[in-house]
Structure formats: structure tokens, C-alpha cells
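One letter stands for each residue in the lines below.
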Amino acid sequence: MSDKLPVAGFQIDVVFGDPAENLGRMDRRLRELAGEGLFLAVFPECSLSGYCCDSRDEAASIARPRTDPLVASAADLAKRHDVNLVFGFLELDDGEIYNAAMLATRDGRQHVYRKVHLPKLGVDQFATPGSAFQVVDVEGTRIGVNICYDCSFPEPARVLSLAGADLIVLPTNWPPGSGATADYIPNARALENNVWYMAINRVGEEKGFRFIGKSKICHPDGHDLAFANHDGEAILRAEIDPSVARQKHLVRVPGKHEIDRMADRRPETYTAITDANRVQ
């Protein structure tokens, strides 16, 4: 396998509560890149379900178990298009609703991440928070997943980086008011952890609520590799090299300017971060 892996993010519109239509849109978009040898394709948060629920009953009506035929069909797109795939959906499990993202591999594995940080917005008002961050080895590349609001906290990306992530994927549904987050936070998370970072947002309107696009793919040095700086549909492409993310010791001038944002940490001074009772 080449050291450089082609990846793509799909900034698309989504139809609320119509997973069959959204599945078809994902399929058609993947067909557009047929034959390009993609390693990874990423779709937005709630790309199978839609996001703007007005009640828990409505959220429960469009949430589906991960074993549901339509969720399974979405995961099967990975095999069908010979690509590793991340997509968002609302997961129903034992009566609980989770804002989830599935990482489906082309060899048939399925890994589900449940959003940990939930804002007072859309379906997240009625969801149960997830409780863990996980890094998955996919063909030798280590991938971690966060969802939307997770990126507003530095800790999730750092936890994934400490667990060995080469690439962090962020399916998102950024609304108006999130422009600064979209412009700067993915770059900061990439830079401070020296990881590749894909933040893939949706576009369009849902119940009068607009989504801003502005998806991007960032290099571990914090610079944009691709940026759809608009609210229209787009496909973002880039190539990533996992070995770049694994070189945490950065030598700018030997012996005079060297940094390692993992080795140079001072965790004994950060205890306030994990003190749940400490609020300023």
C-alpha cells in the first residue's frame, strides 16, 4: 500500500427522517469517485437520519438499531464501493437514543461511536451521551471518531491522540453561529495533537434550520489541505500519510528548536480538568 492514502469528505444535504433517500444519496456520491482507490470516505453527522427533532418521541421515531436493515445497508456501502466509510445516524438501543457515527470497513467490520458532548440543540436535547473514545486500526492506519460539539473540547482529540490516533474524523452538523469553530478549531486540534483531521459538515435546510458547510481536511501542521468554505454541496479530497502523525518529536532547528506536544505534557498540573465539581 502507498504511504499516501486518498481520503474524501462529502459535504451534502440530508432529508429529515428519510433514511432510504439519504442512503441513495450516499451511494450516488460514492459512485462519483468510483475507481479512484479511496481509502476513506466520510459523510456528515446524522447523514442517514437528519438532526432537527422537536421532541423525544420524534427522535425515537427516526432512530434505528445498528442492526436495522437500512443501517446495515449503509454500512454495506463500504464493501460495495471498496472503501472504508464513516456516516452518522441516530442509534436506538434498549430504549436510549444516541447520536452515533459508524466506521464501517470494507472487510466488514463495524465500529460505532456515540457522541459524548451534547448541546441544547436538535436531537442532542433528547439523546443519551456516549461514554468512551476509541481508536480503530484500519489497514494499519489508526482512526478515531468524534462528532460535532465534541471538537469544542480539547480533551477528546487529546485522548484519541494519546491512544495512538493518526487521523481524527469529525462528522458534524454546524449551524449558523459556528463559523469560527469551523474556521479554526479543526486546525487547532490537528496542530496541537499532530494528527490528520477531517471535519465534514452538512448543508441545506431542515425545518427552517440552515447548515453552513465549511468542511475541511487539515494537515498535522494545522494547515488546510481542503476547505469547502461555503454552504453548498462539495466533495473534499486529500491524501494523508499516517507516518507524519506518528512523528511527534518535531525538530525545527536541531538542539535549538525542538518540540514534542505529547512528551512535553505536564499532566500533574492539569488535575482541575477532571474535577467535575470545579466550575468557574
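Residues numbered from 1 in each chain as written. Predicted model: local features only at pLDDT ≥ 70, side-chain atom pairs only at ≥ 80, totals over all residues. Heavy atoms only, no water.

Student: So what's going on with the overall build of the protein chain? Which residues, and what values?
Tutor: Per the secondary structure count, the protein chain includes six helices and 16 strands. Here the C-alpha atoms of the protein chain give a radius of gyration of 18 Å, agreeing with the 19 Å that 2.2 N^0.38 yields for 280 residues. Once the C-alpha set of the protein chain is aligned to its principal axes, its extents read approximately 60 × 50 × 35 Å. Within the protein chain, buried positions represent 51% of all 280 residues. Here the analysis covers contacts within the protein chain between residues at least 6 apart in sequence; of these, 67% occur between residues at least 24 apart. Element-wise, carbon and sulfur atoms account for 49% of the exposed surface of the protein chain, whose accessible area totals about 12300 Å². Across the protein chain, the mean location of the 32 positive side-chain charges is 3 Å away from that of the 40 negative side-chain charges. (Helix = DSSP H or I, 4+ residues; strand = E, 2+ residues; numbered from the N terminus. Rg over C-alpha atoms; globule rule 2.2 N^0.38 Å. Buried < 20%, exposed > 50% of the residue type's maximum accessible area, 1.4 Å probe, protein only. Contact = heavy atoms within 4.5 Å. Areas by Shrake-Rupley, 256 points an atom, 1.4 Å probe, with all protein chains shown as cover. Lys, Arg positive; Asp, Glu negative; His and termini not counted. Charge placed at Lys NZ, Arg CZ, Asp CG, Glu CD.)

Student: Account for the state of the cysteines, naming residues and giving values.
Tutor: Enumeration according to the criterion identifies zero disulfides in this entry. In this structure Cys-46 is a free cysteine whose sulfur lies 7.7 Å from that of Cys-53, the closest cysteine sulfur available. Using a relative accessible area of 1% as the deciding quantity, one classes Cys-46 as buried. Counting only cysteine sulfurs, Cys-53 is the nearest neighbor of Cys-52, a cysteine outside any disulfide, at a range of 7.8 Å. By relative accessible area, which is 9% here, Cys-52 ends up buried. (Disulfide = S-S within 2.5 Å.)

Student: Which residues make up the pairing of strand 6 (residues 135-138), and what are the values?
Tutor: The side-chain alternation of strand 6 yields one buried face, formed by Val-136 and Val-138, and one unburied face, formed by Val-135 and Asp-137. Sheet topology note: the strand 6/strand 7 (residues 141-145) ladder contains four bridges and is antiparallel. Its bridge partner being in strand 7, Val-138 is matched across the sheet by Thr-141. Connecting the antiparallel pair strand 6 and strand 7 is a turn made up of two residues, with Glu-139 showing a positive phi of about 55°. (Pairing = 2+ DSSP bridges.)

Student: I'd like a description of the side chain of Asn-201, backed by residues and values.
Tutor: With respect to the helices, strands and loops of the structure, Asn-201 is situated in the loop between strand 9 (196-200) and strand 10 (203-206). Only 2.6 Å separates the side chain of Asn-201 from the backbone nitrogen of Trp-174, close enough to count as a polar contact. Once residues lying within four places of it in the same chain are set aside, the contact partners of Asn-201 are Phe-10, Gln-11, Ile-12, Pro-44, Thr-172, Asn-173, Trp-174, Ile-212, Gly-213 and Ser-215. (Polar contact = N/O pair within 3.5 Å; in protein donor to acceptor, adjacent residues only side chain to side chain.)

Student: Run through the sheet that holds strand 3 (residues 84-93), naming residues and quoting values.
Tutor: Reading across the sheet, the six strands line up as 5-4-3-2-1-14 and stay open at both edges, with mixed pairing between neighbours. Unpaired on one side and paired on the other, strand 5 (110-114) and strand 14 (234-240) mark the two borders of the sheet. Between one strand axis and the next, the sheet turns by 30° as a mean value, whatever way the strands run. The pairing of strand 3 with strand 4 (residues 96-104) spans nine bridges and is antiparallel. Residue pairing for strand 4: Val-86 is matched across the bridge by Leu-103. Docked against the sheet, helix 3 (residues 69-81) engages strand 3, strand 4 and strand 5, running at close to 165° with respect to strand 3. (Axes fitted to C-alpha atoms, helices over the stretch in contact; angles between N-to-C directions.)

Student: I'd love a proper account of the packing of helix 1 (residues 19-32) against helix 3, names of residues and values included.
Tutor: Two elements in contact, helix 1 and helix 3, have axes separated by 10 Å at closest approach and are oriented at 10°. Taken together, the axes of helix 1 and helix 3 lie roughly parallel to each other. Residues Pro-19, Ala-20, Leu-23, Met-26, Asp-27, Leu-30 and Arg-31 of helix 1 pack against Leu-70, Ser-73, Ala-74, Leu-77, Arg-80 and His-81 of helix 3. Looking at the contact of helix 1 with helix 3, its residues break down into eight nonpolar, two polar and three charged. (Parallel < 35°, antiparallel > 145°, perpendicular 65-115°, else oblique. Nonpolar A, V, L, I, M, F, W, Y, C, P; charged D, E, K, R; others polar.)

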